[in-house]
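# Observations on chain architecture
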Amino acid sequence: MSQSNNAKRYMLLEDTYEAQTYAKRPVVIVRGKGALVWDTEGREYIDCVAGHGVGITGHCHPKVVEAIKNQAEKLITCSGILYNDVRAELVEKITKIVPKGLTRTFLSNSGAEAVECALKLARKYTGKKEIIAMTKGFHGRTLGALSATWEKKYREPFEPLIPGFTHVKFGDAGEVREAINEKTAAVLVEPVQGEAGVNPAPNGYLEELRDICDEKNVLLIFDEVQTGFGRTGEMFACMHWKVTPDIMAVAKGIAGGVPMGATIAREEIMGSLKESEHASTFGGNPLACAAANAAIDVIIEEKLPQRSRELGLRLKNKLETIRENSKIVKEVRGLGLMIGIDLRFRVKDYVLKSLEKGLLVLTSGLSTLRLLPPLVIEKEQIDKTADILAEVLET
Ligand SMILES: Cc1ncc(COP(=O)(O)O)c(C=O)c1O
């Protein structure tokens with residue numbers, strides 16, 4: 001792809017001065033609106049990366065922008081040791097949209113932090129130390145979240161990790177039952193695994209985990225960092241199966257693109273954390289809270305979970321047709337606008353071909369393309385996404 005000197009300069013600066021931990025695509029994004037972004041050359045892309053699934057309400061949603069602008073002029077920072085108007089509104093709002101029974105929220109700044117808080121809560125409330133997590137599960141890069149993450153290549157360079165984590169086969173409740181012992185504090189699971197190639201929980205699985213955890217007196221933690229806020233076609237993915245966890249970790253799209261994580265738990269579980277046992281300087285930051293209040297209002301007012309369900313189905317049907325005409329596509333999976341396309345080959349070339357045609361896509365592992373577009377994406381943009389993927393994958 002041709003690049004101006006301006007673009008080349010930005011690429012060189014990041015390549016020279018930024019930690020080299022991301023596999024970068026050769027494009028400099030400078031502007032976004034809804035499901036579209038533009039690069040330095042003014043080229044337009046449909047954004048199915050959306051900040052790694054963050055852009056639930058799309059880029060620069062006017063209501064989110066207005067809330068951030070207003071709050072920036074009023075108050076940007078306010079410690080958790082003081083009360084704050086927008087934070088107060090947000091924690092109430094969260095309680096109204098999460099599964100019933102989850103009544104207390106700890107606000108942080110990322111998905112990994114939300115998971116860390118969930119792990120600390122599980123240990124503190126139960127007095128037990130061990131966590132059962134799932135094969136192919138992903139929970140973040142901090143040491144606790146990484147200990148719960150399955151993928152060897154993320155874990156091994158940083159061992160020894162935190163002891164007491166076991167991984168059992170995702171989708172097999174019997175393995176969870178066998179793995180639970182007197183030291184088990186909690187079972188941690190993503191209702192739809194994201195980084196592992198978009199794997200929805202098989203029907204009946206989460207229900208069975210709930211029953212097992214109740215029977216064995218073990219906490220059930222759902223990591224809804226990627227699946228939350230309408231991504232899968234329900235406000236939270238666990239609502240597809242009507243299963244309520246004891247603790248839920250969320251982040252990504254909660255604040256319209258502004259960094260925020262949250263851990264929401266049952267009253268008595270969150271109550272087990274006493275003063276000073278957990279805290280975050282930036283957690284509950286008013287600027288992020290104002291953005292989150294606006295983003296959640298937009299998700300509700302614009303019925304984004306329903307939109308995700310309908311447009312997700314439309315896109316999946318089109319991708320199925322592509323699969324039928326393609327020697328490259330093996331399987332199409334997903335729920336709502338969280339979609340994985342399993343290929344028979346490595347995905348890298350197809351990511352670059354899509355980019356050249358004006359489509360940004362994610363990967364999951366070596367052979368799965370992942371689509372996490374903003375839920376405000378237009379029907380025409382969904383159709384164009386499918387058209388580009390047909391050009392790239394139908395051979
Ligand atoms: C399911 C899940 N949990 C946790 C995380 C970690 O979130 P963050 O990158 O915000 O720390 C991610 C990130 O992709 C995720 O998909």
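Residues numbered from 1 in each chain as written. Predicted model: local features only at pLDDT ≥ 70, side-chain atom pairs only at ≥ 80, totals over all residues.

### Observations regarding the sheet that holds strand β1 (residues 29-33)
Here four strands make up an open sheet; going across it, the order is β1-β2-β3-β15 and the pairing mixed. Each having just a single partner strand, β1 and β15 (359-360) make up the two edges of the open sheet. (Pairing = 2+ DSSP bridges. Helix = DSSP H or I, 4+ residues; strand = E, 2+ residues; numbered from the N terminus.)

### Quick notes on the site of the ligand
Near the ligand there are 15 residues, and of these G111, A112, G140, V225 and Q226 occur at the shortest range. Considering every element that reaches the shell around the ligand, the biggest residue donor is helix α5 (residues 111-126), with three residues. (Near = placed C-beta within 6 Å.)

### Considerations on the pairing of strand β7 (residues 184-189)
Of all six residues that make up β7, six are buried, and the element is covered over most of its length. Bridge count between strand β5 (residues 130-134) and β7: three bridges; the pairing is parallel. Across the sheet, I131 pairs through a bridge with A186, a residue of β7. As paired elements, β7 and strand β10 (residues 219-223) share four bridges and run parallel to each other. Pairing of V189 across the sheet is with F222, part of β10. (Buried ≥ 20, exposed ≤ 12 C-beta atoms within 10 Å, placed from the backbone.)

### Some details on the packing of helix α12 (residues 304-324) against helix α14 (residues 379-393)
Between α12 and α14, the least distance of the axes is 10 Å, while the angle of their chain directions is 20 degrees. When the axis of α12 is compared with that of α14, the two are roughly parallel. The two elements α12 and α14 meet at a crossing, and its hand is right-handed. Here α12 contributes L311, R314, L315, K318, L319 and I322 to the contact with α14, which in turn contributes K379, I382, T385, A386, L389, A390 and L393. (Axes fitted to C-alpha atoms, helices over the stretch in contact; angles between N-to-C directions. Parallel < 35°, antiparallel > 145°, perpendicular 65-115°, else oblique. Left-handed = near helix turned anticlockwise from the far one by under 90°. Contact = placed C-beta atoms within 7 Å.)

### Thoughts on the environment of C48
Examined against the element boundaries, C48 turns out to sit in the loop between β3 (44-47) and α2 (50-53). We classify C48 as buried; it has 28 C-beta atoms within 10 Å. Sequence separation of C48 and L337 is 289 residues, and the distance between their C-alpha atoms is 9.4 Å. Dropping the residues within four chain positions of it, C48 is found in contact with L359, L360, V361, L362, L371, L372, P373 and T385.

### Some points on α12
The end-to-end C-alpha distance of α12, which contains 21 residues, comes to 30 Å, matching closely the 30 Å that a straight helix rising 1.5 Å per residue would cover. Taken residue by residue, α12 has L304, P305, S308, R309, L311, G312, L315, L319 and I322 as its buried positions. Among the structural elements, α11 (286-301), β13 (329-335), β14 (338-343) and α14 are those in contact with the buried residues of α12. (Expected span 1.5 Å × (residues − 1).)

### With respect to the domain arrangement of the chain
As far as domains go, the chain holds domain 1 (5-57 + 303-393) and domain 2 (62-301). Just the C-alpha atoms count here: the centres of domain 1 and domain 2 sit 25 Å apart. On the side of domain 2, 26 residues touch domain 1, which itself brings 25 residues to the contact. Every element with two or more residues in the side of domain 1 that touches domain 2 is listed here: α2, α12, β13, β14 and β17 (368-371). Looking at the side of domain 1 that touches domain 2, the element that brings in the most residues is α12, giving five residues. Taken together, the residues of the side of domain 1 that touches domain 2 sort by class into nine nonpolar, twelve polar and four charged. (Domains from an automatic or database assignment. Nonpolar A, V, L, I, M, F, W, Y, C, P; charged D, E, K, R; others polar.)

### Looking at the sheet that holds strand β16 (residues 362-364)
The strand order across the open sheet built from four strands is β13-β14-β17-β16, with neighbouring strands paired in antiparallel fashion. At either end of the open sheet lies a strand with only one pairing partner, and these are β13 and β16. Direction aside, the axes of adjacent strands within the sheet are offset by 25 degrees on average. When β13 meets β14, the two strands line up antiparallel, connected through six bridges. Considered in β14, the bridge of G334 is made with I339. Contacting β13 and β14, α12 runs over the sheet at an angle of about 170 degrees to β13.

### Description of the packing of helix α4 (residues 85-97) against α11
Any two packed helices are characterised by the angle at which their axes cross and by the distance between the axes. Contact pair α4 / α11: the axes reach a minimum separation of 9 Å and the direction vectors enclose 40 degrees. By the angle between their axes, α4 is oblique relative to α11. For α4 against α11, the interelement crossing comes out left-handed. In this structure, α4 uses V86, R87, E89, L90, K93 and I97 to contact α11, whose residues at the interface are P286, C289, A290, A292, N293 and I296. Of the residues assigned to the contact of α4 with α11, the class counts are eight nonpolar, one polar and three charged.

### Examining unusual backbone geometry
P160 follows E159 through a cis peptide bond whose omega is 5 degrees. Positive phi values are uncommon outside glycine, yet A50 reaches one of about 45 degrees. For A50, the position within the fold is in helix α2. Classification of A50 as buried rests on a count of 29 C-beta atoms within 10 Å.

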